[in-house]
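A look at the structure
These are the residues of each chain, in order.
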Amino acid sequence: MEIWRLPISASQRGKLISAGYTTLSSLSSISSSDLARESKVSESEALDILKFASHSHSGGSEMSSGNCSIFEGAQNAWDMLHEEESLVHITTSSADLDNILGGGIHCKEVTEIGGVPGIGKTQLGIQIAVNVQIPHGFGGLGGKAIYIDTEGSFMVERALQIAEACIGDMSEYNRFIRKDFQACEIRMQPKDILGNIFYFRICSYTEQIALINYLDKFISEHKDVKVVVVDSVTFHFRQDFDDMALRTRVLSGMALKLMKLAKKFSLAVVLLNQVTTKHTEGSFQLALALGDSWSHTCTNRIVLYWNGNERYAYIDKSPSLRSASAAYSVTPRGIRNSSSSCKRIRMM
Amino acid sequence: MISQNLLQSTTQKCTTGCPILDRLLRGGIPCDSITEIVAESGSGKTQICLQLSLHAQLPVSHGGLSASALYLHTEFPFPFRRLHQLSLSFRSSNARHLPCNDNPCDRVYVQSVHSADELLEIMSKTESFIESSKTQLPVRLIVIDSIAALFRSEFDNTPVELKRRSSLFFKISSMLKALARRFNLAVLLTNQVVDMVGPNEGINGLRIGNLGCLYTSGRRVCPALGLAWANCVNSRLFLSRHEEVNREENGKLIGESGGFVCKQTRRKLYVVFAPHLPESSCEFVITREGLFGVEITAC
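Within an unreviewed UniProt entry, the label attached to chain B reads DNA repair protein XRCC3 homolog, and the organism entered is Theobroma cacao. Regarding chain B, the relevant UniProt record gives this comment under Subcellular location (unreviewed entry): "Nucleus".

Looking at an unreviewed UniProt entry, chain A carries the name DNA repair protein RAD51 homolog 3, with the source organism given as Theobroma cacao. Entered under Sequence similarities (unreviewed entry) in the UniProt record, the comment concerning chain A runs "Belongs to the RecA family. RAD51 subfamily."

**Let's talk about the packing of helix H4 (residues 116-132) of chain B against helix H6 (residues 159-183) of chain B**
Residue and element names in this part refer to chain B. The geometry of H4 relative to H6 is characterised by a closest axis approach of 11 Å and an angle of 10° between their N-to-C directions. Between H4 and H6, the angle is such that the two are roughly parallel. Seen from H4, the contacting residues are Ala-116, Leu-119, Leu-120, Met-123, Ser-124, Thr-126, Glu-127, Ile-130 and Glu-131; seen from H6, they are Leu-168, Lys-171, Ile-172, Met-175, Leu-176, Leu-179, Arg-182 and Phe-183.

**A closer look at the packing of aromatic side chains**
All names here are of chain A. Counted according to the given criterion, the structure contains 16 aromatic pairs over all chains. With 5.5 Å between their ring centres and 80° between their planes, Phe-200 and Phe-218 make a pair best called edge-to-face. Of this pair, Phe-200 sits in strand S3 (residues 197-201) while Phe-218 sits in helix H9 (residues 205-221), placing them 18 residues apart in sequence. Each member of the pair, Phe-200 as well as Phe-218, is classed as buried. With 6.1 Å between their ring centres and 55° between their planes, Tyr-214 and Phe-218 make a pair best called tilted. You can see Tyr-214 and its partner Phe-218 sitting in helix H9, 4 residues apart, about one turn around the helix. When its relative accessible area of 22% is taken as the criterion, Tyr-214 is described as partly exposed. For Phe-218, a relative accessible area of 5% corresponds to the buried category. Each residue in the set Phe-198, Phe-200, Tyr-214 and Phe-218 is aromatic and connected to the rest through ring pairs, giving one cluster.

**Digging into the sheet that holds strand S9 (residues 214-216) of chain B**
Residues and elements named next belong to chain B. Spatially, the 3 strands line up as an open sheet ordered S8-S10-S9, and their pairing is antiparallel. Edge positions in the sheet fall to strand S8 (193-195) and S9, since each of these pairs with one other strand and no more. Each strand of the sheet is rotated relative to its neighbour by a mean of 50°, with strand direction disregarded. Here S8 runs beside strand S10 (residues 219-223); their pairing, made up of 3 bridges, is antiparallel. Its bridge partner being in S10, Val-193 is matched across the sheet by Pro-223.

**Let's talk about the pattern of salt bridges**
Inspection of every chain in the model, using the stated rule, returns 20 salt bridges over all chains. B:Glu131 is the salt-bridge partner of B:Arg182, the closest N and O atoms lying 2.7 Å from each other. Remark: B:Glu131 occurs in helix H4 and B:Arg182 occurs in helix H6; sequence separation between them is 51 residues. Of the charged contacts, one joins B:Glu243 and B:Arg241 as a salt bridge, the two residues approaching to 3.2 Å between their closest N and O atoms. You can call B:Arg241 buried: its relative accessible area is 18%. Salt bridges linked by common partners bring A:Asp169, A:Arg333 and A:Arg336 together as one network.

**Brief notes about a nonpolar patch on the surface**
Residue and element names in this part refer to chain A. The grouping of Tyr-173, Phe-176 and Ile-177 at the surface amounts to a nonpolar patch, some 340 Å² of accessible area in total. One can find Phe-176 in helix H7 (residues 156-178). Here Phe-176 falls in the exposed class, since its relative accessible area comes to 57%.

**Digging into unusual backbone geometry**
Cis geometry is found at the peptide bond from A:Asp231 to A:Ser232, where omega equals -15°. Within the element layout of this structure, A:Ser232 appears in the loop between strand S4 (225-231) and helix H10 (244-265). Not every positive phi belongs to a glycine, and B:Asn184 is a case in point at roughly 55°. Not every positive phi belongs to a glycine, and B:Leu225 is a case in point at roughly 75°. You can see B:Leu225 is positioned in the loop between S10 and helix H7 (226-230). Judged by its relative accessible area of 7%, B:Leu225 is buried.

The rules behind each value
- Residues numbered from 1 in each chain as written.
- Chains lettered and ligands numbered in written order.
- Predicted model: local features only at pLDDT ≥ 70, side-chain atom pairs only at ≥ 80, totals over all residues.
- Heavy atoms only, no water.
- UniProt positions renumbered as here; feature names shortened; annotations may be inferred.
- Axes fitted to C-alpha atoms, helices over the stretch in contact; angles between N-to-C directions.
- Helix = DSSP H or I, 4+ residues; strand = E, 2+ residues; numbered from the N terminus.
- Parallel < 35°, antiparallel > 145°, perpendicular 65-115°, else oblique.
- Contact = heavy atoms within 4.5 Å.
- Phe/Tyr/Trp six-rings, centres within 6.5 Å; stacked < 30°, edge-to-face > 60°.
- Buried < 20%, exposed > 50% of the residue type's maximum accessible area, 1.4 Å probe, protein only.
- Pairing = 2+ DSSP bridges.
- Salt bridge = Lys/Arg side-chain N within 4 Å of Asp/Glu carboxyl O.
- Patch = residues over 30% accessible without salt bridge, like charges linked within 9 Å, V, L, I, M, F, W, Y side chains within 5 Å.
- Areas by Shrake-Rupley, 256 points an atom, 1.4 Å probe, with all protein chains shown as cover.

Shown next as structure tokens:
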């Protein structure tokens, strides 16, 4: 009921509503004398009401459809669907992985990726930081990346290797699909790709919090940043915290900030997490680190695991994707499809 | 806060002293990173550590770090004689590159550590030690041999104690990484192995890294200190050894009169996980001059 947006008295409002005028659009095409008669208010009052209604209608509505929203900044679902469909995803360079992710890593969302050491989390992080830079002509976002390294796993030589392979793939694509060499010449060099990754090294949890607080300002100055990778978000929080409640508060505050960043700047946030053992009923189970309260804070959750000799990714939690797992491999060129011949996507 | 310019950063590496091993490791042990060597006793962990401590003194142009090494040892006694033996061959093969005529052993600072808390204490003093060493050959390699010995006996097997032990892992790892970052050090740790007896050892049977199972001396093993510690290191290397029996040494089979058994130790170095290395392995031997990779050529 948008009537209560109008600056009119409660009794007038009550009279309007009982006469059946609940939306501003219903007031848009009525004359003041009709309104006065229907809702039993005086003519001058009806005139004022219509004046207020037309003001709100013209001033407040930024939405293309006729309906105004009750609160500033709220959107209706139809507009959100349009926006969602137009978002490009960040590819992981593995078609199978992209498939179960619905095209790739989603922008405007926080994706958490966790797994045991050596499964390929850092590799995936570097691959995403490189792939976000794929130009629009090749279906990418043409953006820059922020890489927050808390463990020291980022190796420049490996990033260079992955960047070279990415450019190599784009040239291959050029040759086979496009055929018009002049128009789509790849001007990117591997060192350009490295230059577009803003790399921060963090050595304590206080530095981590400070940096994440600073990101808002940083990204406002570098509007082409389209992904923030944190590798790993857990490391500095697994030390002794005297007050575990403090740790939970700090972590949820951090998660909230990252989510706001993702929505405000339409970028993707990728958080890499470690795996720990959870002691339940006498047996040990594997779970992502940082506890139960943290597991609620991320939009999407992907678990990387070994299945025999193959690396698999499993969608553990997602509002829009179904649970599925896909195999992938880590090659000298980066993340690619698994090379086994019987790879198939298992739907749960 | 300023982001680092990646174009101007290259990871420095410390050579192992053997070109074959260096090729496997893409240059050697990286700086600003923690590398862990996992093996059972007698596999060569300490040998590699001693060898690296000496080769760190080489100039950067020859793969070294132009640096001295801080060697923290937890198992006793420290092999002084072996270090001396290695330093002789090191000096003779690298005489032209070494800056002056003193004993390379003088550039290896040895400190014994007896417990995890003592390690934490030493870590806080290490900062000032490294600062003060900048005037001569600065310390740019820290070796801890072995990290496992500090934790194996101190903690009970209750969830509370194990959690406390895990927190200690992360605290130590965090301090080492902060030091490595601040002074651009290479950190090398050694770790022991534990046996895996049953087919499915629960959490110990969890696969970490490129190798499904680690075998040494015919036993299935896994690295000590568990999953939590595995999250604290950047790279992990595994050394395996197994005795190979040569059946015919003098033309007669074992069991026949006059035939004798010749055993040969085959040693292999594997990359379990590393952010910059693919899955790979190579064989190596340990001689008086040190530890060297060998290339197996098919005959």
